[in-house]
Structure formats: C-alpha cells, structure tokens
Amino acid sequence: MGTQYFLADDFEQGVVSMMNKMNAIVAQEDSPLHDYMESQDCRTGQFAFRWMVCLLWRELTIDTCFRLWDTYLAQLDFFPHFHVYVCAALFVSFSETLLDKKDFVELVTFLQNLPLLQWKNADVAQLTSTALRLLQLDPCTHEAEEADGAPAEDVWRARRDVTLWRYNAERRVKKIGWEVIRCRCGTALVAKVLLLIVSVAVLVLAVLLSLVLAILDRLRLRRLRRRLRRHRSRASAAGKVLAALTKQGSGGGSDALPPGDSDAKMV
C-alpha cells in the first residue's frame, strides 16, 4: 500500500513526516484543539516523537500495549500508516482535558504523562476503532487506495471485522481459561478441605484413644495399690500372730499376747 507520501527512507525524516501527518489529522478532526495548541506554541514533536518511535510502549501497560500491537500485526502491511492515526486518536481523546490546561508547561507535562495505566483492552479497542474512523475520513487515504486500485471502504471494513473477531475470540479464550482455572481451584480446594477434615478426625480419635488408655492405666494402678495394701495388712497380721505364738511357746502364756489380737489368739 502506498504510504510513502508521509514516510521517508531516512528514519528522522520519516518520524518528522509521521508527526506532521498526525498534526494534519488533528487539525481536520478537532480544529479547536489544534488552534489552541498552536496558540500555546506546543508542537507535535515536543510530545509525539516518543509515541512514534516507541509505538506507545512507554504510555500503555504491558497487557494493553500487546492488545494494540496485536491489532498492528493483523494489519502488518499497513501498520506504520495506521499507527499515526492511533496516535492522533489518542491525542484527540484527551481534547477536553487539554483545553482546560492553562499554559505550555501544563500541556507538555500532561502529554508526557498520560493517565493510561488504568486502561483496559476495551479502551484500546475503542482507540483503534476511532483510529479506523479517522482513517476512513481522511481524503489522502482514499486517494492512496484509489491509486492502488483497491476499494478502501470494503478493505477497511473487512480488516475491522477481522480485528473485532480476533478481539472477541481472545476474550472467549481468556474467559474459558479462567473458568478452567476456577474449576481446578475449586476441585483442589474441596480436596484440601476433605483432607483437612480427615486429618482433624484422625487427630481427635488419637487424642480420645490416648485419654482412654490413660484412664484405664490409672484404674489398674488403683487396683494394684489396693491389693498391695491388703497384702501388706495380712502380712503384718501374720507376723504378729507368729510373734505371739513364739512368745507363748517360750512360756509367756496367753497373757503375753498384745491387746487387740484376740483373733490371732483364737487361731
């Protein structure tokens, strides 16, 4: 496609031609804004050089910049020409804000730090749609299309439809991907919750079993202590009886028995 009417072979001259073309597009689309910028002596080269050279990489976020470049790749044979219209559409989209600026310093400061960090892919799609509209309204574009023998309206309508179709397809793919991730995360979460419940149940059962075993050991220990006391008392009584019998056999008589041992005496 013939774009050499504003692009030169030399890099610097080509960028200057692109900025001059952008200035002409702005003058055609928004003459009050163009006149106000001229009155403040704010030239396009003072802020748009970075837009042309970096392809808006420093203005947009990674996601939105990739979204814009995807549109450029869909029109690879024409994207240098189309990029100028995108920059013009970006500039015109802030027309009201720029007209509220009071002097040259505020204008340049704002244009060098555009509030684009909050932009989404839908904002970039709106920007490219505006750029396509500006491109269709530009008489130079129609002249170039007619010189190349291609129907400008049909070609750009088809390219616009392809771009919108790719954008919608990307949205569907991302939506399906998020749904898959959500399902996987939900399944993993349920499995983790079930595993946690089983672990807590096993821990509770282990604690209860240890408590039961401790209670049984304590009861068994009590029984053993009672039996020990009983055996000790019996051994003591037997010792006393043996001592009494030994004393009686030696001639002490039955009176030698200690008081309280009448039962032993009967034995």
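Examining the overall build of the protein chain
Inference 1: On a plain count of helices and strands, the protein chain comes out with 11 helices and 0 strands.
Inference 2: In sequence order, the secondary structure elements of the protein chain are arranged as α-α-α-α-α-α-α-α-α-α-α.
Inference 3: For the protein chain, the residues scored as buried account for 29% of the 267 residues in total.
Inference 4: Pairs at least 24 residues apart make up 72% of the contacts formed inside the protein chain by residues separated by at least 6 positions.

Side note on the packing of aromatic side chains
Inference 1: With the rule as written, the count across this model stands at 7 aromatic pairs.
Inference 2: Taken together, a centroid distance of 5.3 Å and an interplanar angle of 15° make the contact between Phe-47 and Phe-91 stacked. Pair noted here: Phe-47 is in the loop between helix H2 (31-39) and helix H3 (49-54) and Phe-91 is in helix H5 (residues 79-93), with a separation of 44 residues, a long-range link.
Inference 3: With a centroid separation of 5.4 Å and an interplanar angle of 25°, the aromatic rings of Trp-57 and Trp-69 are classed as stacked.

Quick word on the nonpolar core
Inference 1: In this structure, Met-22, Phe-47, Trp-51, Leu-90, Phe-91 and Leu-111 are the most contacted members of the largest nonpolar core, which totals 45 residues.
Inference 2: Elements represented by at least two residues in this core include exactly helix H1 (11-29), H2, H3, helix H4 (62-74), H5, helix H7 (104-112) and helix H8 (121-137).
Inference 3: It is H5 that provides the largest number of residues to this core, a total of 10 residues.

A few points about a positive patch on the surface
Inference 1: A surface patch of positive charge is lined by Arg-218, Arg-222, Arg-225, Arg-226, Arg-227, Arg-229, Arg-230 and Arg-234.
Inference 2: Its place among the elements puts Arg-234 in helix H10 (residues 152-252).
Inference 3: For Arg-234, a relative accessible area of 55% puts it in the exposed group.

Points about H2
Inference 1: Within H2 the residues assigned to the buried category are Leu-33, His-34, Tyr-36 and Met-37. Mapping the buried residues of H2 onto a view down its axis gives an arc of 165°, with all of them on the same face.
Inference 2: Where H2 starts, the residue carrying a side-chain oxygen 3.3 Å from the main-chain nitrogen of Leu-33 turns out to be Asp-30.
Inference 3: Looking at the residues trailing H2, positive phi occurs at Asp-41, about 60°.

Examining the side chain of His-83
Inference 1: Within the secondary structure, His-83 is located in helix H5.
Inference 2: With relative accessibility at 0%, the residue His-83 sits in the buried group.
Inference 3: A polar contact of 2.6 Å, which involves the side chain of His-83, links it to the side chain of Tyr-72.
Inference 4: Excluding residues within four positions of it along the chain, His-83 makes contact with Met-18, Trp-51, Met-52, Leu-55, Leu-56 and Tyr-72.

Notes on H8
Inference 1: Compared with an ideal rise of 1.5 Å per residue, which puts 17 residues at 24 Å, H8 spans 24 Å between its outermost C-alpha atoms and is within 8% of the ideal.
Inference 2: Every buried residue of H8 is accounted for by Val-124, Ala-125, Leu-127, Thr-128, Ala-131, Leu-132, Leu-134 and Leu-135.

Description of the pattern of salt bridges
Inference 1: All chains considered together, the criterion is met by 4 salt bridges.
Inference 2: Between Arg-43 and Asp-41 there is a salt bridge whose closest N-O contact spans 3.1 Å.
Inference 3: A relative accessible area of 44% means that Asp-41 is categorised as partly exposed.

Quick word on the confidence of the model for the protein chain
Inference 1: Scored by pLDDT, the protein chain has a mean of 78; 74% of the residues are at 70 or more.
Inference 2: Note on residues 1-9: pLDDT is under 50 here. Beyond four places in sequence and across chains, it has 26 contacts.
Inference 3: When the criterion is pLDDT under 50, residues 260-267 qualifies, and its contacts beyond four places in sequence or with other chains add up to 4 contacts.

What counts, and where the lines are drawn
- Residues numbered from 1 in each chain as written.
- Predicted model: local features only at pLDDT ≥ 70, side-chain atom pairs only at ≥ 80, totals over all residues.
- Heavy atoms only, no water.
- Helix = DSSP H or I, 4+ residues; strand = E, 2+ residues; numbered from the N terminus.
- Buried < 20%, exposed > 50% of the residue type's maximum accessible area, 1.4 Å probe, protein only.
- Contact = heavy atoms within 4.5 Å.
- Phe/Tyr/Trp six-rings, centres within 6.5 Å; stacked < 30°, edge-to-face > 60°.
- Core = buried A, V, L, I, M, F, W, Y, C linked by side-chain atoms within 4.5 Å.
- Patch = residues over 30% accessible without salt bridge, like charges linked within 9 Å, V, L, I, M, F, W, Y side chains within 5 Å.
- Areas by Shrake-Rupley, 256 points an atom, 1.4 Å probe, with all protein chains shown as cover.
- Salt bridge = Lys/Arg side-chain N within 4 Å of Asp/Glu carboxyl O.
- Lys, Arg positive; Asp, Glu negative; His and termini not counted.
- Charge placed at Lys NZ, Arg CZ, Asp CG, Glu CD.
- Arc of directions from axis to C-beta.
- Polar contact = N/O pair within 3.5 Å; in protein donor to acceptor, adjacent residues only side chain to side chain.
- Expected span 1.5 Å × (residues − 1).
- pLDDT = per-residue confidence, 0-100.

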